[in-house]
Amino acid sequence: MILQFIYESFDFKSWIILCFVLLLLVDIIKYRNPSSFPPGPWPLPFLGNVFTEIDFRNVNKLAEVYGTIFSLRVGSEKMIIVSGYKMVKEALITQIDSFVDRPNVPLFHKVFKGIGTILSNGYLWRMHRKFAVSHLRTFGEGKKSLELRIQQECVHLCNAFRAEKGPFNPMVTLNSAVSNIISCLIFGQRFEYHDECYQKILRLDTECIQLIGSPRAQLYNVCPRLLEYLPGPHQTIFSNYKQITDFLRGEIIKHKEDWDPSNPRDLIDNYLTEMEKKKSDPEAGFNIEGLVVTCLDLIEAGTETATTTLRWGLLFMIKFPEIQEKVQEEIDRVIGQSRQPCLADRVNMPYTEAVIHEIQRFGDVVPLGFPKKAVKDTTLRGYFIPKGTSITINLSSVLHDPNEWETPDTFNPGHFLTENGQFWKRDAFMPFSAGKRACLGEQLTRQVFFLFFTSLF
Ligand code: HEM
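Cut-offs applied
Starting from 1, residues in each chain are numbered consecutively following that chain's sequence as written. With pLDDT at 70 or above as the cut-off, local features in this predicted model cover only qualifying residues; side-chain atom pairs require 80 or more to be listed or tallied, and sums for whole chains, interfaces and linings still use all residues. Where side-chain values are given, they derive from all heavy atoms of the structure, hydrogens and water being excluded. UniProt positions are given in the numbering used here, feature names are shortened, and annotations may be inferred rather than shown by experiment. Only DSSP runs of H or I reaching four residues or more are called helices, and only runs of E reaching two or more are called strands; each is numbered from the N terminus. A radius of gyration in this sense is built from C-alpha atoms; the matching globule rule multiplies 2.2 Å by the number of residues raised to 0.38. Partly exposed residues are those whose accessible area sits between 20% and 50% of the maximum for their type, while under 20% is buried and over 50% is exposed, using a 1.4 Å probe and protein chains only. The protein chains shown are the only cover counted for residues, whose accessible areas, like all others here, come from Shrake-Rupley with a 1.4 Å probe. Definition used for salt bridges: Asp or Glu carboxyl oxygen within 4 Å of a side-chain nitrogen of Lys or Arg. Any two strands are treated as partners once DSSP identifies two or more bridges connecting them. Donor atoms (N, O, S) are those found within 2.8 Å of the metal centre, with the cutoff raised to 3.2 Å for Na, K and Ca; water is not part of the atom list, so apparent gaps in a site can occur. Residue contacts are counted whenever heavy atoms from the two residues lie within 4.5 Å of one another. Counted as a polar contact is a pair of N or O atoms within 3.5 Å, where, for protein atoms, one must be capable of donating a hydrogen and the other of accepting one, and residues adjacent in sequence contribute only when both atoms are in side chains. It suffices for a single heavy atom of a residue to lie within 4 Å of a molecule or strand for the residue to be listed as near it. When residues are grouped by polarity, Ala, Val, Leu, Ile, Met, Phe, Trp, Tyr, Cys and Pro land in nonpolar, Asp, Glu, Lys and Arg in charged, and all others, Gly among them, in polar. Only the stretch in contact is used when a helix axis is fitted, and all axes are lines through C-alpha atoms; the angle between N-to-C directions ranges over 0 to 180 degrees. For classification purposes, angles smaller than 35 degrees are called roughly parallel, those larger than 145 roughly antiparallel, those between 65 and 115 roughly perpendicular, and all remaining angles oblique.

The name that an unreviewed UniProt entry assigns to the protein is Cytochrome P450 2J2-like, with the source organism given as Sinocyclocheilus anshuiensis. The annotation that UniProt attaches to the protein under Subcellular location (unreviewed entry) is "Membrane". What UniProt records for the protein under Cofactor (unreviewed entry) is the sentence "heme".

Next comes the structure, spelled out in structure tokens:
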């Protein structure tokens, strides 16, 4: 009776309003925050804080209002953002097992498929991380050591710079040189800077990285099913990655043709061996798709980050000529101009080491780290964070934390020097993040920076 009455007395407009109110109620109930959840800006119904741009400047402004741990809702996803050295240390080091997983970010998932190292989780991630760390370690040893390969690349890089007439943009050459180190790791060989095929891969990759940060591409994360069939930057990203992974598949096929397990040349050879060893353990995910994504992981994580840092380095040296002179003086005194720099020089060059660290601190090239999520219900500084909540670590706020750095917003190599001029490693130096998911390319990057930087001088 009542239902019939409602049905007969409601016109079309009233039905629409009723449906909207019901959906609104469902939304409010479904996304109600648990008690003690970190505070944050008021979310819009259905969309959450989708119009809040999540870049580090905005995040820093929000942290000033809501504190060192605050929350946002992006579409159906809740995330918390952690800022400042003390809070980040608590999340990544004190609670080392709490935030180890990666969330499912649709834009990345479509390409990386939750396998490989960067975006995988659980047992598969542990096995792949172990494999990558072990490859990086063993690759650094032996006759054709990593140091030698980096030194050889330095010669090519310096020659390419020398060949330029007048002012030039070093971006493409630096990118080629850095990616050649990654290529040595993966393919056992470098590519000439004018190799058209390889340059095309690097161009496609640079374009992807530029597009991924754009708000229009990020929209794909809010409604992937709808945007899947619509044009936009996400389609360019997918098409570029398809071409890059096709190239990787081609390299893997070539490797398989003359693969000799007793004489591994590079990561691909070692992975093929691992595939054989782990045949009876499919959960570990060592298969051709895993290999393609593992190669892509290292290219993505290692090339742009290191190239951009080197570009910052050159810019800072131009902007602060008095610092450049001191670096030059130390290089001339310890190495001279007649031999190539080597890694053993590092201990004798505290000022150059301090400048390189300050370039990384001030360059701040991965300001918000890579996203992670809580693997279990967790309490952080009294706030309750349910299992599955995404967490963004504001690394930029650590590298500029006024409680840790004497002059956080000034380029000052003194941050890394003791009173008597010795190198001083600082706890708040976290450009590579910290904890179980910390960058596994840190040692390699430090070697590349030192040798590239000093060789250019
Ligand atoms: C300036 C250079 C670099 C910077 C600033 C940097 C920074 C980072 C950061 C912030 C993360 C995220 C850590 C986290 O989630 O807590 C990361 C992860 C990672 N980096 Fe780097 N990185 C650099 C170079 C490299 C290089 C050269 C390689 C490879 C040879 C590399 C490989 C990786 C990998 C595989 C991960 C994922 C680790 C995992 O999820 O277990 N990175 N890096």
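Right, picking up where we left off after that structure.
Next up on the list: the overall build of the protein. Along the backbone of the protein there are 18 helices and 6 strands. The C-alpha radius of gyration computed for the protein amounts to 25 Å, which stays within 12% of the reference 23 Å derived for 457 residues, consistent with globular compactness. Across the 457 residues that make up the protein, the buried fraction comes to 48%. Split by element, the accessible area of the protein, about 23200 Å² in all, is 59% carbon and sulfur.

With that out of the way, let us pick up the pattern of salt bridges. Enumeration according to the criterion identifies 21 salt bridges in this entry. As a salt-bridge pair, Arg-190 and Glu-192 come within 3.5 Å of each other at their nearest N and O atoms. Under the relative-accessibility criterion, Arg-190 is labelled partly exposed at 21%. In this structure Glu-192 comes out as partly exposed when scored by relative accessible area, which is 41%.

Another point: the sheet that holds strand β2 (residues 77-82). The strand order across the open sheet built from 4 strands is β1-β2-β6-β3, with neighbouring strands paired in mixed fashion. Every other strand in the sheet has two partners, leaving β1 (69-74) and β3 (372-373) as the edge strands with one partner each. Sheet analysis places β2 next to strand β6 (residues 390-393), joined by 4 bridges and oriented parallel. When the bridges of β6 are listed, Met-79 appears paired with Ser-390.

The subject of this paragraph is unusual backbone geometry. Non-glycine residue Ser-36 carries a positive phi angle of around 65°. Considering the arrangement of structural elements, one finds Ser-36 in the loop between α2 (12-30) and α3 (56-66). With phi around 70°, Ser-433 is a residue other than glycine that occupies positive phi space. Take Ser-433: it is sitting in the loop between α17 (395-399) and α18 (442-456). Using a relative accessible area of 18% as the deciding quantity, one classes Ser-433 as buried.

This part is about the coordination of the iron atom of the ligand. Counting protein donors around the iron atom of the ligand gives one, Cys-439 (SG), at 2.3 Å. Turning to its location among the elements, Cys-439 is positioned in the loop between α17 and α18.

For the rest of this paragraph, the subject is helix α13 (residues 267-277). Along α13, the residues that are buried comprise Leu-267, Ile-268, Asp-269, Tyr-271, Leu-272, Glu-274 and Met-275. Here the buried face of α13 lies against α6 (122-139), α8 (171-187), α12 (233-257) and α14 (288-319). For α13, the N-terminal capping position is held by Asp-266, with its side-chain oxygen 3.2 Å away from the main-chain nitrogen of Ile-268.

Arg-129, Lys-372, Ser-433, Arg-437 and Cys-439 are the nearest of the 28 residues found near the ligand. For the ligand, an oxygen atom lies 2.8 Å from a polar atom in the side chain of Arg-102. Elements represented by at least two residues in the shell around the ligand include exactly α6, α14 and α18. For the shell around the ligand, the element with the most residues is α14, which contributes 6 residues. For the shell around the ligand, the class distribution of residues is 16 nonpolar, 8 polar and 4 charged.

Packing of α14 against helix α15 (residues 321-334) brings their axes to within 5 Å, and their N-to-C directions diverge by 110°. Between α14 and α15, the interaxial angle falls into the category roughly perpendicular. Of α15, the residues touching α14 (which contributes Met-317, Ile-318 and Lys-319) are Pro-321, Ile-323, Gln-324 and Val-327. Class assignment of the residues belonging to the contact of α14 with α15 gives a composition of 5 nonpolar, 1 polar and 1 charged.

Here we come to the packing of α8 against helix α9 (residues 196-212). Two elements in contact, α8 and α9, have axes whose closest approach is 11 Å; the angle formed by their N-to-C orientations is 105°. With respect to α9, the axis of α8 lies roughly perpendicular. Contacts from Met-171, Val-172, Asn-175, Ser-176, Ser-179, Asn-180 and Ser-183 of α8 reach α9 at Tyr-198, Gln-199, Leu-202 and Thr-206. Its residues assigned to classes, the contact of α8 with α9 shows 4 nonpolar, 7 polar and no charged.

Here we take up the UniProt feature "transmembrane region" (unreviewed entry) in the protein. Mapped onto the present numbering, the UniProt feature "transmembrane region" (unreviewed entry) falls on residues 12-29. Annotated as residues 12-29, this span is 100% helix and 0% strand, and its ends, taken at the C-alpha atoms, are 26 Å apart.

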